[in-house]
Amino acid sequence: NLEELSLANNNFTGSIPPEIGNLTSLTTLDLSNNNLDSIPDAIGNLTDLTNLYLYNNKLTGIIPETIGNLTNLTNLYLYNNRFTGPIPEAIGNLTKLTYLHLGYNQLTGPIPATIGNLTNLTNLHLYNNTLTGTIPETIGNLTNLEILYLYNNQLTGPIHEGIGNLTNLFHLALGINQLTGPIPEGIGNLTKLIDLALSENQL
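Below or above, wherever it landed, is the structure these notes cover. (Residues numbered from 1 in each chain as written. Predicted model: local features only at pLDDT ≥ 70, side-chain atom pairs only at ≥ 80, totals over all residues. Heavy atoms only, no water.)

**A short note on empty space enclosed by the protein**
Here is the rule we go by: In the cavity and pocket records, a cavity denotes points on a 1 Å grid over the protein atoms alone where a 1.4 Å probe fits but cannot get out, a pocket denotes an open set with protein on both sides within 12 Å along at least 5 of 7 lines, and lining residues are residues with an atom within 4 Å of a point. Grid points are joined across faces, edges and corners, and a volume is the space filled by probe spheres set on the points. Each residue is assigned to one class: nonpolar for Ala, Val, Leu, Ile, Met, Phe, Trp, Tyr, Cys and Pro, charged for Asp, Glu, Lys and Arg, and polar for all the others, Gly among them.
Under the counting rule described, the total for this entry stands at one cavity of 30 Å³ or more. The calculated volume of the largest cavity comes to roughly 50 Å³. For the largest cavity, the full set of lining residues is Ile135, Pro136, Glu137, Ile139, Gly140, Ile159, His160, Gly162 and Ile163. Each residue belonging to the lining of the largest cavity can be placed in one class, and the counts come to five nonpolar, three polar and one charged.

Below, the structure is given as structure tokens:
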């Protein structure tokens, strides 16, 4: 019947045990600021979770595809770990997310187009990875975004005109990539911007 479990700010090491998947009433799981090194597929059993905080650990391997089962999540913090491989396509199932932070990992491959399903997002942090490919046009669906940080990756191609749909943005950082082409005129629609960083590209 446990609903909230916080073991943050300890010195736990080793794997998150798969038995965590038995705690099916959890709404908040906070294991941040430890030295944990792996996350089990059984995390996908926790379908009542609204908050998952695993940041500042040493988690390795891929982000489990089963994370796409957690359709009640509003906050997903996996930053400052050692995750490799792609962002799972199933991330697009998490349509209640408002805050997604995957920064400071070693993620590779493209940003999945399914990220455009997350229309409640206000914060999207994918910076400091090694993501490749183009910025998906579906980013333009995320009209509630206030912060979009994609800097310090290996993203290529143009900045799509759809970026101009994100009229609630305060912070837009796409620097330190390999983006090409013109800066879209739609940038001028972003009248709430206080921070625009496009440096170190090939625009």
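What follows picks up the thread again.
**Topic: the environment of leucine 76**
Spelled out, the test is: The way it works is that DSSP assigns letters per residue, a run of H or I at least four long becomes a helix, a run of E at least two long becomes a strand, and they are numbered from the N terminus. Only heavy atoms matter for contacts: two residues are in contact if any of them lie within 4.5 Å across the pair.
Looking at the element boundaries, leucine 76 is found in strand β7 (residues 75-77). Taking the C-alpha atoms as reference points, leucine 76 and serine 199, separated by 123 residues in sequence, lie 28 Å from one another. If near-sequence neighbours (up to four positions away) are discounted, leucine 76 is found in contact with Leu52, Ile67, Ile91, Leu94, Leu97, Tyr99, Leu100 and His101.

All quantities given are derived from atomic positions and should not be read as evidence of function.
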